[in-house]
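# Commentary on secondary and tertiary structure
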Amino acid sequence: RKELEQLRHALANDEFVLYYQPKVSLDSGDIIGAEALIRWCHPERGLVPPGAFLPLLHGTELENAVDEWVINTALAQASAWHDAGLSMRVSVNVSAGYLLAPTFYSDLARALQCHTNVPPEHLELEVLETAAIADMGQAVAIMQRCRKLGVRFALDDFGTGYSSLTYLRKLPVDTLKIDQSFVRDMLNDADDLGIVEGVIQLATVFERQVIAEGVETLQHGAVLRRLGCHLVQGYGIARPLAAEAFPSWCRQWQ
Ligand code: G
Ligand code: G
């Protein structure tokens, strides 16, 4: 209770911030986008990672309000970058609960209308915890409406308990994100390597893009490329960066 109150206060007081982690093409080296990741800039505790407070929000109204804030803030950032000559796709995490909330579509449409210089195709929604989707038909209908606006979807944490084959088959997503737990250990665990390979092949069969997260070394990149995964995200490229640091990172990466 008390912690929820603090989080409510944090949202009202503008204490949340977004960091941005680059996504790059292994082939060209091009920066293809950035994932927005929330942190709590706590007046006493400093920068609090999402794992320390998001679980408290799970299934509450406040979770929807935070998810909405994240979409608005990431779009405002994309819009500012666009005006500064840095035009790229921005991905945000969306909980299954918010995706299914009655206000989701109108919130999203309004957010896009506030930033007409950002092409809707430049907004990607990474759907989390798809196992929480009770009504698949409803989820599909909402996602299709959003796709008519131009927005793209990715299935996050693909391969873990939260995201399985049924979701891949039914949900209209453009991209699969291979969960970082498989990627991290694939160099010394044959099972994980097999899973990574299998997900890449599944993506090909289903004509989806595939991106690997948790890419920590050059060697990970080389193996992924050989397996047919060309898009990567991870500490080996860059850690999540403060918004102010992002444009200069992009300049030095080129
Ligand atoms: O940045 P970090 O690795 O600490 O994030 C941990 C997890 O928190 C991520 O894997 C993601 O699932 C979740 N997360 C990060 N940012 C957001 C956000 O803005 N909204 C939601 N709903 N989840 C997020
Ligand atoms: O599942 P999702 O895409 O939301 O996960 C992103 C989270 O993973 C972020 O919180 C980010 O800080 C973390 N992360 C990103 N790249 C790496 C990596 O290379 N290694 C590890 N251990 N964590 C990473």
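Just so you know, these numbers come straight off a predicted model, no measurement behind them.

Let's shift gears to the site of ligand 1. What surrounds ligand 1 is the set Leu37, Ile38, Arg39, Pro50, Leu54, Asp67, Val70, Asn93 and Leu128. At 2.9 Å from an oxygen atom of ligand 1 is found a side-chain nitrogen or oxygen belonging to Arg39. Contacts to ligand 1 include Asp67, whose side-chain N or O atom sits 3.2 Å from a nitrogen atom. Looking at the shell around ligand 1, the elements with two or more residues in it are strand E2 (31–42) and helix H3 (61–83). The element best represented in the shell around ligand 1 is E2, accounting for three residues. Class assignment for the residues of the shell around ligand 1 results in six nonpolar, one polar and two charged.

Another aspect to go through is helix H11 (residues 246–253). Think of an α-helix as 3.6 residues a turn; residues three or four steps apart then line up on the same face. Turning to H11, its buried residues are Phe246, Trp249 and Cys250. Along the axis of H11, the buried positions cluster into a sector of 100°, meaning they face one direction only. Facing away from the buried side of H11 by over 90 degrees, the exposed positions are Arg251 and Gln252. Buried residues along H11 sit against strand E1 (16–25), E2, H3 and strand E10 (241–242).

Cut-off values and rules
Residues numbered from 1 in each chain as written. Chains lettered and ligands numbered in written order. Predicted model: local features only at pLDDT ≥ 70, side-chain atom pairs only at ≥ 80, totals over all residues. Heavy atoms only, no water. Near = heavy atom within 4 Å. Polar contact = N/O pair within 3.5 Å; in protein donor to acceptor, adjacent residues only side chain to side chain. Helix = DSSP H or I, 4+ residues; strand = E, 2+ residues; numbered from the N terminus. Nonpolar A, V, L, I, M, F, W, Y, C, P; charged D, E, K, R; others polar. Buried < 20%, exposed > 50% of the residue type's maximum accessible area, 1.4 Å probe, protein only. Arc of directions from axis to C-beta. Contact = heavy atoms within 4.5 Å.

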